[in-house]
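The primary structure of each chain is shown beneath.
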Amino acid sequence: MALIVHKYGGTSMGSTERIRNVAKRVAKWVRAGHQMVVVPSAMSGETNRLLGLAKELAPAKTGTSYDRELDMLASTGEQASSALLAIALQSEGMESVSYAGWQVPIKTNSAFTKARIESIDDVRVRQDLAAGRVVIVTGFQGVDPDGNITTLGRGGSDTSAVAVAAAMKADECLIYTDVDGVYTTDPRVVPEARRLKTVSFEEMLEMASLGSKVLQIRSVEFAGKYKVPMRVLSSFTPWDIDIHEEAKSGTLITFEEDEKMEQAVVSGIAFNRDEAKISVVGVPDKPGIAYQILGAVAAANIEVDMIIQNISKEGKTDFSFTVHRNDFARTMDLLKDKVVPALGANEVTGDAKICKVSIVGIGMRSHVGIASKMFRSLSEEGINIQMISTSEIKTSVVIDEKYMELAVRALHKAFDLDQA
Ligand code: ADP
Ligand code: ASP
Ligand code: MG
């Protein structure tokens, strides 16, 4: 008998019919002798619908407690789908109970809308499992030290599931979604993308952080920290497929590197449309400018991603960096009002129509010329590179948003990712 955690995403929970399917699948796992904890997301579209209602009432943030209320609101989506799944399981003859984050409890910090899990108490869940119940734990939510409901950031149910699996030392965490695994790139953008049978933890971490939304990055961080065996697979297979076949399907996140040695240098391509570029133009080139610009941005709690400083001409330079699009207007205002006058720079310009495209692969460590191959492939498509950043296992470029799909397809082909 194993302890297994299943996570079902929004599309997998998208209708009562789909919820019934999930219940039948989970019941099959119980009948095979496993103890089951299930973490569902809200029904697809529900989180957007709820947050949209808030936006109708208050288009911009209205005060310090606004984010608290957003979490009160958005967390209801998961509460509803969890109760529905428990009811569906009961109608399949399974004893089942659902718990909101605060009932477990899943304790988080107080960073509303992007809270971090600090601890999970598994006593209550274990008691139910021992009594033969299937336990449903709401995804995406927790409770802060003051008893407020918090949410974990968009896509956060992945993180709830892996964190529950880690806390309970589960034998495996299976992330059921609307694709049958992790692909070389988003199969919605490149139909030739191939499913990876395995992906190393390090590559998955990079892909998630660079924009592959198939897993929330914090779930991958948890899996790495606690070595949670984790697999991404489809919830759209018939629920009654052979359980052994199902258990081996999808993509396994691996922690050993050796398995990958023979494989492709580049394993995947990620892209991200969530960033915006800002340039401070005509800054007097003297020691301390990076600190003056980025120090002010950091003091406003705004995260910076890529940074580039041009070679100076006649004692002046341009300094560019990217921030999340949600922070774009705030950063522009901050620079215009405070930093540009203090620095004596000419102006601030901004461009929200950019995207970041990245190639990822642990094989890049031991091969040279990978980045230049990427740049050549983009130049052959006439795509101008605005910024570059590299690490041991990835190279990212910022380009005009309108070339994103073209770039991803060209790179996918250039690195032979469509070849089995
Ligand atoms: P869920 O609701 O199950 O959490 P998500 O929409 O969050 O599902 O994640 C699944 C989606 O991630 C897929 O439908 C796919 O479009 C997208 N995706 C992005 N990059 C990849 C990738 N490399 N492999 C597979 N899917 C990807
Ligand atoms: N329902 C939440 C969202 O849409 C969490 C999740 O689906 O993982 O972001
Ligand atoms: Mg998701």
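Residues numbered from 1 in each chain as written. Chains lettered and ligands numbered in written order. Predicted model: local features only at pLDDT ≥ 70, side-chain atom pairs only at ≥ 80, totals over all residues. Heavy atoms only, no water.

K.L.:
Looking at this structure, how should I read the pairing of strand β9 (residues 172-177)?
P.N.:
Looking along a regular strand, one sees the side chains alternate between the two faces of the sheet. With 6 of 6 residues buried, β9 lies mostly within the body of the structure. Where burial is concerned, the two faces of β9 agree: the one with E172, L174 and Y176 and the one with C173, I175 and T177 are both buried. As defined by bridge partners, strand β1 (residues 3-8) adjoins β9 across 5 bridges and the pair is classed as parallel. Among the inter-strand pairings, I4 is bridged to a residue of β9, identified as E172. One ladder, built from 5 bridges, connects β9 with strand β11 (residues 230-234); its direction is parallel. In the sheet register, I175 faces β11, and the bridge partner there is V232. (Buried < 20%, exposed > 50% of the residue type's maximum accessible area, 1.4 Å probe, protein only. Helix = DSSP H or I, 4+ residues; strand = E, 2+ residues; numbered from the N terminus. Pairing = 2+ DSSP bridges.)

K.L.:
Just to check I follow, could you spell out the site of ligand 1 for this structure?
P.N.:
Taken together, 17 residues form the shell around ligand 1, and within it T177, D178, Y183, D186 and R188 come nearest. At 2.6 Å from an oxygen atom of ligand 1 is found a side-chain nitrogen or oxygen belonging to T177. Between D178 and ligand 1, the recorded distance is 2.8 Å, taken from a side-chain N or O atom to an oxygen atom. The protein chains hide 84% of the 570 Å² of surface that ligand 1 would expose on its own. (Near = heavy atom within 4 Å. Polar contact = N/O pair within 3.5 Å; in protein donor to acceptor, adjacent residues only side chain to side chain. Areas by Shrake-Rupley, 256 points an atom, 1.4 Å probe, with all protein chains shown as cover.)

K.L.:
Help me understand the site of ligand 2, please; the structure alone is not making it clear to me.
P.N.:
Neighbouring residues of ligand 2: S41, A42, T47, E78, F140, R154, G155, G156 and S157. In the model, a nitrogen atom of ligand 2 is placed 2.7 Å from a nitrogen or oxygen of the E78 side chain. Contact distances for ligand 2 include 3.4 Å between an oxygen atom and a backbone N or O atom of G156.

K.L.:
So what exactly am I meant to see when it comes to helix α5 (residues 157-167) here?
P.N.:
Of all 11 residues in α5, 10 are buried; the element is thus mostly enclosed. Along α5, the residues classified as buried are S157, D158, T159, S160, A161, V162, A163, V164, A165 and A166. One or two residues past the end of α5 sits K169, with phi positive at roughly 50°.

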